[in-house]
Each structure stands twice: as C-alpha cells, then as structure tokens.
Amino acid sequence: MNVLQAGLTAAGRYVKAVMGDNAYEVYLAHHAVTHPDTPPMPERVFWRERDDEQDRNPQGRCC
Amino acid sequence: MSYDARHEKDSAVPASTTAATIEQDPTLPPVAVPDDEREAEERHWTPAKIAIWAAIALLGGVAWVMLAVVRGETVNAIWFVFAAVCTYLIAYRFYSKFIERAITRPDDRRATPAEYNANGKDYVPTDRRVLFGHHFAAIAGAGPLVGPVLAAQMGYLPGTLWIIVGVILAGAVQDYLVLFFSTRRGGRSLGQMARDQLGRVGGTAAILATLVIMVIIVAILALVVVNALGESPWGVFSVAMTIPIALFMGVYLRFLRPGKITEVSIIGFVLLMAAIIGGGMVADTEWGAAAFTLDRTTIAWGIIIYGFIAAILPVWLLLAPRDYLSTFMKIGTIFMLAAAIIFVRPEISVPAFSEFAGNPAGGPVVPGSLFPFLFVTIACGALSGFHALIASGTTPKLLEKERQARFIGYGGMLMESFVAIMALVAAISIDRGLYFAMNVSAANTGGTIEGAVAFVNSLGLTGVNLTPELLAETAKNVGEESIVSRTGGAPTLAVGLAHIMQSFIGGTAMMSFWYHFAIMFEALFILTAVDAGTRVARFMLQDTLGNVIPRFRDASWTVGAWICTAIMVAAWGAILIMGVTDPLGGINTLFPLFGIANQLLAAIALAVCLAIVADRGYFKYLWVVALPLAFATVVTVTASLYKIFSPVPAVGYWAQNAAFRNALEQGEESFGTAPTRAAMEAVVRNTFVQGTLSILFVTLTVIVIGIAVYRTIRAFQNGGGINTEDPIVPSRIFAGSGIWSSKAEKRIQKEWDALPVERRRVKARHE
C-alpha cells in the first residue's frame, strides 16, 4: 500500500511539474541564490509577469 | 563583423577543439561523469544486459515478420506495438548513441544556456524527465493523429514502415541535432541559426519559408477541425464550450488561485467531460439541433473570427488556459489509447498493401502515387520540420545538461512516432468499406449513404462489401446524423478510437461519448496550434516588417500587432475558405501541400545541421545528416514537381487549372465534380493559389539547400569552417542524462546531495 501511495504521490508531483505548478518555487530558489539581498516578487506578481511574458514572446505549439 | 568576414577569418580553424580548456571549480564535486568511467560503463556488457537486448531484438523481429512476411487474413494490433517499441528501443540505444559519439559529442563540463543565462523564468535548468514531458507536449498535436489515417488507404505496411524507419533515421535525428546545436548557440532559433550558418540570402529564404509554411499548416489544421464539426451539432456545441471553459480557467488562474495549474486543469477537464455529455443532450433537442447544425463555411468563418480575437486577447485569458487543458488531455488520452490497444488487441483485416499502393494515380482519399505522396501524407510522426521550431528556441533554454539532448530530442520524437502508430492502428481497426465511405470527398459520394455505398463498392476492393445498414448503424452509434464523407482524418480516428474504447470501457452505449471525446481532443490540440501559430507568425511578420518600418518591432504598439495579426489570419483564413468551398473536395487536394510544407521545413532544418556538421569538420559522419536530407529533398521536390508539372489533373494543380479553364472557355456549364460555372471558376482560382504556393515552397527550399551544400563543400575543401557556437562557460551543476541514472551518475549525485543547499546551484553568470 505504501509503495502504491508513494508511486501516486510521485506521479502527481511529476504531472504538476510538467504542467508548471512549481514555477514560483523554481523562481524563489533561483532568486535566493542570485539576489539574496533583495526581496523576491510576491507570488501573484510572479504569475502575472509569467503570463504577460507569453504575450511579449509567444511560444510555438506544434501540429 | 559580417558573416563573410567571419567566415574568411576562421575558415581554417576546426571547431570544438577547446574541450581540454574547460576548467571546473575544484571545490565542487564533478559536474560530469568522467569520460573513461562512462565509456567503461556503456561498453560493459553483462550477461543480463545481453539477454535483455537479445530478447528485445527477437520480439521486434518476430513482430516485423508477422506484419511484413506472414500477413495472414488478419493481423493482431499488438504486433504493431511490439514492432514499433522494440525498434525504437534498439534505435535509441544504438543509433542515437552512435550519433552522440560521432556528431554531437556533448560535453557536460560545458554549461547550457539554461544554466549560464538562468533567470528563474524562461531560462531554467529543468529536470530532464519533466522537460521530456514539456517538450513532448509542445511537439505532438493533431498532426500524427491525422496523416497516418489518410495514408491507410495504401494498406497498413507502407505507413507503418515509413513511420518507424522514418523516425529513427530522419525525424528523431533532426529533432536531436537541432536541439543540440541550438543549445550550443544560446538557444537561438532555427531562422537565426540559418542566418549565422548560411549567410543573409540563405537565412532570409529560411525565415520566409518558415513564415509561409506556418500559414499553410495552420490553415490545413483548421480545415481538419471544420470538416470534423460540419453538420455535427454535438461536436459544434462541445467544442464551442471549450471557449467559456478556457475563459473561466483563465480568470480562476489570474484572480482566484494563481499558479494552481494542475488544479484548474482538472476542473477544466471535468467541465469538458460535462460539455461532451451535455452536447449529446443538446443535439437531441429540437432547438439544439437547429442552433448548432452549421454548414462548413459558417464554421470556417467562426474559426477565422475566433482566431483573430484569440490572437489579440491577452494570453492569460484564453490561450494559456486552453494550452494547459490541451497538455493535460494529451498526456491522458495517449496513455489511455495505448492501454486500450494493448488490452483490446483488435484484429486488423486491412491488407498490407492495398489496391491503391501500386496505382500511379493513388487512391480516392489522397491522390498521387505511393512514392512520393505517402511520405508527405505522413509527415508528423515520421519527419516533421515544425519540430525544429520547438527544438530551437524553446526547449534549449530549459535543458540542464548537453548530454540530455539525446533523451529529450531523439526520445521525444520516438514517442510522437508511437502516437502516429497508434493512430494508424485505430484507423485500420474499422471496416475498410466504412473507412473509404468516410474519407472519400462528397464530390464522389454525393454525401448520401446510397452514393457512398455505390462509390465504395465500385472501387472493386477485395473483401469490401459496404452495406447501407453499416453506415446508418455506425452513424447512430456515434451519435451523428451521417458519417459519409467526413474527410480530414479526425472523424475516422474518432470512430476507430470509439470502436476500440467501447470494447475496453462501456460497450456500444458509450461509443457516441468516445467518438465526441476524440473529436474534442483533436479540436482542442488543433485550436491551440492555430492560436499559437497565429501569434508566432505575427511576431515573425512584425520582426520582418521591422526591417523596413522599425516601429513594427515595438511589441507594445497595439496597432502594429493588430495589423500583423489581421494579415496572418487573413492569409490562413483565405486558404481555409478555399479548402472548405473547394468543389474538388478540399482536404484531399490540400493535405499533400501540408505534408510538403512540413517536410520542406525539415529539409531546411537538416540543411542547417549539415552545414554545422561540415563546419565542425566531421565529414566521415556527414551521411547521418545527408541521408535524411537527401531523402526529404527528393520526396518534397518530387512531390512539388508532380504538383506543378503532372499532366494528371487529380495530381497536378496546373493540369487541373488548365482543364477547368479550357472547359470554361468552351462555354461548358459543368465539368468534372464542379456542377456550375461558379464552381468551375473556384477550381481555377484554387488551383492557381495551390500551384503558386507549390512553386514558392520549392524555390525557397532549393535556395536554402543549395547554399547549405555549397557551404558544406567549401568547408570540406578547408577541412572545417566557421565555429558559430557560443563561447564555453564551465558548468557548475550536475545531472544525469538518460531516463534512469547510471551507477556513476548516482555516485556523483550523492556527493552533490551531501553539499550544503546554497552551494549546489551556484550560477556561473548573473542574469
């Protein structure tokens, strides 16, 4: 049962990572290393920026 | 410095001789597995390893024998799965490894752009397995689901062989090389790489070709959706519902719970299922049927207007949430389809080679002889040039280590090829008479059951005896008024999928659900590709116009963005309307153009790779690129020449054009499948546009390939050429390279895990 649970948790984590749920955590980790003295963007601002960046720089989707 | 000046200056310097100069930070654990250790592990063959690979080879061999040699009355679908998967495994382990040793020669001591440009947003070193999912979601869409269905008219074997052999020698090679070379060049796009490698003329031709090709691809994908939704109130309702669902998801993510992407995707998925079920109920009511039964021209206009609005709305409102939904569905449905085929294992009664395989005029679904037209009908899944646009520019900015490019690039494309094989299996698992009744254009069937039965039975196919009852019953089972002449591949795949899924879950009662589920996900993939394609094409146009009127480069200039969006939408919209109203049937005349366009792009990408490999001085292994390039060039140029010069009206655009012009001059009131003079004029107009596009494509491609070959010969004479790689930056991170970590990788990873957290990811350069 534990193996199954662990497997499902891992699968869930994987799907979330592929979908991009962890983007803010990734940004925080990056920020903590490169700009330890400045406060990072708040979460809401970060997601807004991320969406708006796609407006400025669209990504292709294949057929 | 100009391109040519650089070329002269560096022409005698062989590229990548600097590997020895990379110095790693001595205070960190190793950033790469030492070469000798990795070599020893790769070349060490334990008995267990030998036994596994022997078993894979044996199983694959048996499967191929069953498909290609035994060819009994029926063949079980499971052999397709075994033949494909075993061949992929062997190609991945041995051929892509060979390419890695011979051509790409990755060096994990070099930082990738994701590492040295890391900004926490678009340049992010990403876990390789996660990136595999990202990359796959970006490259795979409706393409591999459509082409194999149309090619099934030739029998199962030609398509199967081309999908599997094509991917390992051409498609996956292209994806891998473009990904790797772009990574070495800061993640530059294909167009930029073409300019750097081939000079101004070659670069401009490549960018122009990309733009035109993008337009034609978007138009034909949209045509597939229009054909699937025409006269189908259920389909129109449920696909239309994706718009409010996406808007809701967009608002939810923007204002309610930012960042909860998986959560909102699950909510969206549930709503989507409700929309499919609701669509059935709505279509059953009188008002629902009246409101949502739309003819194809109306739907085409709907998609054009929608395409324009979607491209100018902010991304967060419509495009991004629909993209999430599409990714979510993609992963889910592909696993579902694979599971269903493995559990149900349908028996296939389609012959290996059909009556049309040897016919120079081809079959009624797509015209033209097997060579070259099979190879352009199936583009996605075997060799897709469009992938070069994702493999350059997008994915390289996320790639953690150079050595992972093989898993992501080559492996990702193998996965798409497997999707194509499953689509083929689904399409050939349905009755053959039914297949032709669905895929022959209304110009031949008259769109009626009687017409379809008469036409299909007149084809003289062995073992085919189509009855009106079968057509009526299938239509009823899938919840449609009629399934005659539902061309474009998507409805056939949907019937095939419904057929397989209903014996897996739900029985006949569920068939209509599965059918509309399949139509829904194909429409979702395609509409996402249409939106994204319009936006990317608009940006390319803005960039190009910016050379003349600089203001167009300013992305915040709304009027400029709107003008460029309108131009791009008008361009693909015109081709779409042309396809929808075409008296000759539309998809069967236009689909070859889609495949040709896609593979011409592949030829351009491979030509750039050829020039790069030559400039690096690896002439002994140039054939790895030259072989698929030569094949793609021969196929696409031959197909284009057929389309331009063939005297057979069904094949040659200009022959058709001349025949109809002639008939008009003779004062005829109807000709061929065109019932009126207006329809005849439409054919003249359409064939003129199609013929002109064919000439444009082939001219641009010949220019690019010609320049690449010239540069390659120059490089050969000089023993190498310019080095267009970015300067080396030593890496300061470690990660494994394949799907599973090797022994050495695990050992090094342990050393990294023992480091204090803040020291693990030290950036080489500040953003």
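Rules behind the numbers
Residues numbered from 1 in each chain as written. Chains lettered and ligands numbered in written order. Predicted model: local features only at pLDDT ≥ 70, side-chain atom pairs only at ≥ 80, totals over all residues. Heavy atoms only, no water. UniProt positions renumbered as here; feature names shortened; annotations may be inferred. Helix = DSSP H or I, 4+ residues; strand = E, 2+ residues; numbered from the N terminus. Rg over C-alpha atoms; globule rule 2.2 N^0.38 Å. Buried < 20%, exposed > 50% of the residue type's maximum accessible area, 1.4 Å probe, protein only. Areas by Shrake-Rupley, 256 points an atom, 1.4 Å probe, with all protein chains shown as cover. Lys, Arg positive; Asp, Glu negative; His and termini not counted. Charge placed at Lys NZ, Arg CZ, Asp CG, Glu CD. Core = buried A, V, L, I, M, F, W, Y, C linked by side-chain atoms within 4.5 Å. Contact = heavy atoms within 4.5 Å. Axes fitted to C-alpha atoms, helices over the stretch in contact; angles between N-to-C directions. Parallel < 35°, antiparallel > 145°, perpendicular 65-115°, else oblique. Left-handed = near helix turned anticlockwise from the far one by under 90°. Nonpolar A, V, L, I, M, F, W, Y, C, P; charged D, E, K, R; others polar. Salt bridge = Lys/Arg side-chain N within 4 Å of Asp/Glu carboxyl O. Buried area = accessible area lost by both parts, 1.4 Å probe. 1 Å grid on protein atoms, 1.4 Å probe; cavity = no way out; pocket = protein on both sides within 12 Å on 5 of 7 lines; lining within 4 Å. Points joined across faces, edges and corners; volume = space filled by probe spheres on them. Phe/Tyr/Trp six-rings, centres within 6.5 Å; stacked < 30°, edge-to-face > 60°. Lys NZ or Arg CZ within 6 Å of the ring centre and 35° of its normal.

As recorded in an unreviewed UniProt entry, chain B goes by Carbon starvation protein and comes from Mycetocola miduiensis. Recorded in UniProt under Subcellular location (unreviewed entry), the annotation for chain B is "Cell membrane". Recorded in UniProt for chain B, the comment headed Sequence similarities (unreviewed entry) runs: "Belongs to the peptide transporter carbon starvation (CstA) (TC 2.A.114) family."

Chemist: Can you tell me about the overall build of chain A, naming the residues and giving the values?
Modeler: A tally of regular secondary structure across chain A gives 3 helices and 0 strands. Put simply, chain A runs from its N terminus to its C terminus through helices and strands in the order α-α-α. Its C-alpha atoms give chain A a radius of gyration of 16 Å, more than 25% over the compact-globule value 11 Å for 63 residues. For chain A, the spread of C-alpha atoms along the three principal axes comes to 45 × 40 × 20 Å. When each of the 63 residues of chain A is scored for burial, the buried share is 30%. For chain A, the computed accessible surface area is about 3,900 Å², with 59% contributed by carbon and sulfur atoms. The average position of the 7 basic charges and that of the 9 acidic charges among the side chains of chain A differ by 6 Å.

Chemist: Got a sec to walk through the nonpolar core? Specific residues and values, please.
Modeler: Residues and elements named next belong to chain B. Membership of the largest hydrophobic core comes to 250 residues, with the highest contact counts inside it found for Tyr88, Tyr410 and Trp572. Top contributing element to this core by residue count: helix H9 (residues 190-229), with 25 residues. Leave out the neighbours within four places in its chain, and tyrosine 88 touches Ile163, Ile164, Val167, Ile168, Leu414, Ser417, Phe418 and Ile421. Among the nonpolar cores identified, the runner-up in size contains 9 residues, and Phe660, Ala663, Ala674 and Met680 belong to it.

Chemist: Help me get a handle on the packing of helix H8 (residues 156-183) of chain B against helix H25 (residues 587-616) of chain B, residues and values and all.
Modeler: All names here are of chain B. Two elements in contact, H8 and H25, have axes whose closest approach is 10 Å; the angle formed by their N-to-C orientations is 55 degrees. By the criterion of interaxial angle, the relationship of H8 to H25 is oblique. By crossing handedness, the relation of H8 to H25 is classed as left-handed. Facing H8, whose interface residues are Trp162, Gln174, Leu177, Val178, Phe180 and Phe181, H25 presents Gln599, Ala602, Ala605, Leu606, Cys609, Ile612, Val613 and Arg616. Each residue belonging to the contact of H8 with H25 can be placed in one class, and the counts come to 11 nonpolar, 2 polar and 1 charged.

Chemist: Tell me about the pattern of salt bridges, and name the residues and values.
Modeler: All names here are of chain B. Throughout the structure, instances matching the rule amount to 31 salt bridges over all chains. Across the pair aspartate 35 and arginine 38 runs a salt bridge, and its minimum N-O distance is 2.7 Å. In this pair, aspartate 35 and arginine 38 are both assigned in helix H2 (residues 35-43), 3 residues apart and thus about one turn of the helix distant. Three or more residues are tied together by salt bridges with common partners; here these are Asp35, Arg38, Glu39, Glu42, Arg43, Lys97, Glu100, Arg101, Asp108, Arg403 and Arg406.

Chemist: An account of the interface of chain B and chain A is requested, with residue identities and associated values reported.
Modeler: Size of an interface, as often reported, equals the accessible area lost when the parts are brought together. Contact with chain B, which involves 57 residues of that partner, is made by 33 residues of chain A. Roughly 3,700 Å² is buried in total at the junction of chain B and chain A, and carbon and sulfur atoms are behind 60% of that figure. Where chain B touches chain A, the interface holds 3 salt bridges. For the salt bridge of Asp52(A) with Arg254(B), the shortest nitrogen-to-oxygen distance reads 3.4 Å.

Chemist: So what's going on with empty space enclosed by the protein? Which residues, and what values?
Modeler: All names here are of chain B. Throughout the structure, instances matching the rule amount to 13 cavities of 30 Å³ or more. Considered as a void within the structure, the largest cavity measures approximately 80 Å³ in volume. Lining the largest cavity are Ala140, Gly141, Leu145, Lys330, Thr333, Ile334, Met336, Leu337, Val419, Leu497, Phe521 and Phe525. Elements that contribute at least two residues to the lining of the largest cavity include exactly helix H14 (319-344) and helix H23 (511-546). Here the lining of the largest cavity gets 5 residues from one element, more than from any other, and that element is H14. Its residues assigned to classes, the lining of the largest cavity shows 9 nonpolar, 2 polar and 1 charged. What the second largest cavity holds in volume is close to 60 Å³.

Chemist: How would you sum up the packing of aromatic side chains? Please name residues and give values.
Modeler: Residue and element names in this part refer to chain B. This structure, assessed with the given rule, holds 37 aromatic pairs over all chains. With a centroid separation of 5.7 Å and 85 degrees between ring planes, the pair formed by tryptophan 654 and phenylalanine 688 is classed as edge-to-face. With a gap of 34 residues between them, tryptophan 654 in helix H27 (residues 653-665) and phenylalanine 688 in helix H28 (residues 677-718) connect regions that are remote in the sequence. Taken together, the ring pairs connect Phe513, Trp514, Phe517, Phe521 and Phe525 into an aromatic cluster. Arginine 105 extends its terminal NZ or CZ atom over the ring of tyrosine 618, reaching a point 3.7 Å from the ring centre. When the ring centre of tyrosine 92 is taken as origin, the NZ or CZ atom of arginine 406, which lies over that ring, is 4.4 Å away.

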